[in-house]
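Here is how the chains run, residue by residue.
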Amino acid sequence: MTGGAPIVAALDSVGGEESGQLLHLLGEGGQLMTFGAMANQPMIVDPGDLIFKRKGFWAAKLGSGPRRAEIPRAIGEIVRLAATGELKLTVEKAYPLEEAAEAARASMQPGRTGKIAFRA
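Residues numbered from 1 in each chain as written. Predicted model: local features only at pLDDT ≥ 70, side-chain atom pairs only at ≥ 80, totals over all residues. Heavy atoms only, no water.

A short note on the pairing of strand 1 (residues 7-12)
Then step 1. Two elements, strand 1 and strand 2 (residues 26-34), share 5 bridges in a ladder whose sense is parallel. Across the sheet, Ala10 pairs through a bridge with Leu32, a residue of strand 2.
Then step 2. With respect to chirality, the unit in which strand 1 leads through helix 1 (residues 16-25) into the neighbouring parallel strand 2 is right-handed. (Pairing = 2+ DSSP bridges. Helix = DSSP H or I, 4+ residues; strand = E, 2+ residues; numbered from the N terminus. Right-handed = clockwise from strand over helix to strand, strands pointing away.)

Here it is in structure tokens:
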């Protein structure tokens, strides 16, 4: 329908799964503008669409070039949000350092309900 041109913006008045469907259709750098929640459900979006289309924070993309200077600010903002409780970090399981290999395997499993962490 676009003749191969990327979709640069979408309007969402529904929420729920439809938000994620719209986000997925956007090209890199596109914007999803949300102004309603007719589904009466939280937005359900694929983190990959947020991260890899540059709508979120992907450290590897910031690691070089002119955006490198954004890394300390972005990490500081993430730490601030986590410290204040605005960013919820769900931990599925915490491993002792001696079980690092098992923790690494667990972190690669699809369908996890939270992060894999280390405990002291």
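That was the structure; now back to the text.
Let's talk about the layout of surface pockets
Then step 1. By volume, the largest pocket is sized at about 350 Å³.
Then step 2. If you go around the largest pocket, the residues you meet are Pro47, Ile51, Leu87, Lys88, Leu89, Thr90, Arg112, Thr113, Gly114 and Lys115.
Then step 3. By residue class, the composition of the lining of the largest pocket is 4 nonpolar, 3 polar and 3 charged. (1 Å grid on protein atoms, 1.4 Å probe; cavity = no way out; pocket = protein on both sides within 12 Å on 5 of 7 lines; lining within 4 Å. Points joined across faces, edges and corners; volume = space filled by probe spheres on them. Nonpolar A, V, L, I, M, F, W, Y, C, P; charged D, E, K, R; others polar.)

A word on a nonpolar patch on the surface
Then step 1. Together, Leu11, Met33 and Phe35 line one region of the surface with nonpolar side chains, adding up to about 340 Å² of accessible area.
Then step 2. Counting through the fold element by element, Leu11 comes out in strand 1.
Then step 3. With relative accessibility at 58%, the residue Leu11 sits in the exposed group. (Patch = residues over 30% accessible without salt bridge, like charges linked within 9 Å, V, L, I, M, F, W, Y side chains within 5 Å. Areas by Shrake-Rupley, 256 points an atom, 1.4 Å probe, with all protein chains shown as cover. Salt bridge = Lys/Arg side-chain N within 4 Å of Asp/Glu carboxyl O. Buried < 20%, exposed > 50% of the residue type's maximum accessible area, 1.4 Å probe, protein only.)

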